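Chain by chain, the residues:
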Amino acid sequence: MPNYNLTVNDTRYKIEAEEDMPLLWAIRDLVGLKGTKYGCGIAQCGACTVHLDGMPVRSCQMPVGSISKKQKITTIEGIGSEETLHAVQEAWVEEQVPQCGYCQSGQIMSAVALLEQTPKPNEEDITSYMNGNLCRCGTYDRIKKAINRASGQLSTEKP
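Residues numbered from 1 in each chain as written. Predicted model: local features only at pLDDT ≥ 70, side-chain atom pairs only at ≥ 80, totals over all residues. Heavy atoms only, no water.

A. Broad picture of the environment of Lys-34. Within the secondary structure, Lys-34 sits in the loop between helix H1 (23–31) and strand E3 (49–52). A relative accessible area of 42% means that Lys-34 is categorised as partly exposed. If we skip the residues at most four places from it in the chain, Lys-34 touches Arg-28, Asp-29 and Glu-77. (Helix = DSSP H or I, 4+ residues; strand = E, 2+ residues; numbered from the N terminus. Buried < 20%, exposed > 50% of the residue type's maximum accessible area, 1.4 Å probe, protein only. Contact = heavy atoms within 4.5 Å.)

B. Molecular detail of the domain arrangement of the chain. One can read the domain layout of the chain as domain 1 (3–74) and domain 2 (87–157). For domain 1 and domain 2, the distance between their C-alpha centroids amounts to 22 Å. Each partner contributes to the interface: domain 1 provides 17 residues, whereas domain 2 provides 13 residues. The junction of domain 1 with domain 2 conceals about 1,000 Å² of combined surface from both sides, 52% of it contributed by carbon and sulfur atoms. Where domain 1 meets domain 2, there are 0 salt bridges. Connecting domain 1 to domain 2 are 6 residue pairs in polar contact (both at pLDDT 80 or more). Within the residue set of the side of domain 1 that touches domain 2, elements represented by two or more residues are E3 and strand E4 (55–58). Tallied by class, the residues present in the side of domain 1 that touches domain 2 amount to 6 nonpolar, 9 polar and 2 charged. (Domains from an automatic or database assignment. Buried area = accessible area lost by both parts, 1.4 Å probe. Salt bridge = Lys/Arg side-chain N within 4 Å of Asp/Glu carboxyl O. Polar contact = N/O pair within 3.5 Å; in protein donor to acceptor, adjacent residues only side chain to side chain. Nonpolar A, V, L, I, M, F, W, Y, C, P; charged D, E, K, R; others polar.)

C. Region of interest: the side chain of Gln-107. Within the fold, Gln-107 resides in helix H3 (residues 104–117). Aside from chain neighbours lying at most four places away, what touches Gln-107 is Trp-92, Met-130, Asn-133, Leu-134, Cys-135 and Ile-143.

D. Main features of H3. For H3, spanning 14 residues, the distance from its first C-alpha to its last is 20 Å, which sits close to the expected 20 Å at 1.5 Å a residue. Most of H3 is tucked away: 12 of the 14 residues are buried. If you follow the buried residues of H3, they end up packed against E3, E4, strand E5 (72–74), helix H2 (87–94), helix H4 (123–129) and helix H5 (140–157). (Expected span 1.5 Å × (residues − 1).)

E. Representation of the environment of Arg-149 in the model. Tracing the backbone shows Arg-149 in helix H5. In this structure the C-alpha to C-alpha distance between Arg-149 and Val-88, which are 61 residues apart in sequence, comes to 8.0 Å.

In structure tokens, the structure reads:
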């Protein structure tokens, strides 16, 4: 079985896996980070969203063998800490977004990517960007409010 060097949340991991193993399972089962969720397994719901070099990707459909050792993977565990939440995580709490919570890590990862690309998104930007992240509980209005709140907070933090 081939070996891979993955950089996840700025930590290097050496794993042994079949090259077609989805990145999701490498992160969860071999690296041991359980925040990224399995949703549909066909890249349609967004629950498994992580960042690869800053861009959101569906880890359930990305083979671990396709990732170079220079690429950086960021999971929900890597965007903030228990002491200092990311602005999106803080907004999620303030707006009471989670209901069942299952889709939240993927939603937050997509929201972080949106705000990095478009710091002040309008409603259409948010709807369009978040379109691939499904929430079975239907908390879309709260998700939009949280993204707007985080956008405002991030714009005041930057010089």
